[in-house]
Amino acid sequence: MKGRVLWSVYLYNNGYVKNIIYSGSAVYTPFIEGKIMALYAEKLGVDPAHIFVEPKAEHSTENVYYGSLIAREKGFKKVGLA
């Protein structure tokens, strides 16, 4: 999880992405992974206005599905997956 956050922050800081969707439910711990990743990214300097959280996904397929719903709702034209 930490590696995915660091990679997304790198992409954000270097202008490859404008927004980040963190996806994940409380699968292995009582903590919602998407929210934890978003907090971590915010502490690393990502503007919270560019962070979106999806808290329902319990596995990779659901991460993609629920993340795509957010992307479509927000009108994102391109999506990268990390």
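These numbers come from a predicted model, not from an experiment. (Residues numbered from 1 in each chain as written. Predicted model: local features only at pLDDT ≥ 70, side-chain atom pairs only at ≥ 80, totals over all residues. Heavy atoms only, no water.)

## Side note on a nonpolar patch on the surface
1) Next: A cluster of nonpolar residues, Met 1, Phe 31, Ile 36 and Leu 39, forms a patch on the protein surface that exposes about 390 Å² of accessible area.
2) Next: On the secondary structure map, Phe 31 appears in the loop between strand S1 (20–23) and helix H2 (33–43).
3) Next: What makes Phe 31 exposed here is its relative accessible area of 52%. (Patch = residues over 30% accessible without salt bridge, like charges linked within 9 Å, V, L, I, M, F, W, Y side chains within 5 Å. Areas by Shrake-Rupley, 256 points an atom, 1.4 Å probe, with all protein chains shown as cover. Salt bridge = Lys/Arg side-chain N within 4 Å of Asp/Glu carboxyl O. Helix = DSSP H or I, 4+ residues; strand = E, 2+ residues; numbered from the N terminus. Buried < 20%, exposed > 50% of the residue type's maximum accessible area, 1.4 Å probe, protein only.)

## Some words on the pairing of S1
Across a regular strand the side chains alternate sides, sitting on one face of the sheet and then on the other.
1) Next: Pairing of S1 with strand S2 (residues 51–54) involves 4 bridges; the strand directions are parallel. Residue pairing in the sheet places Ser 23 in a bridge with Glu 54 of S2.
2) Next: As a crossover connection, the stretch from S1 through H2 into S2 is right-handed. (Pairing = 2+ DSSP bridges. Right-handed = clockwise from strand over helix to strand, strands pointing away.)

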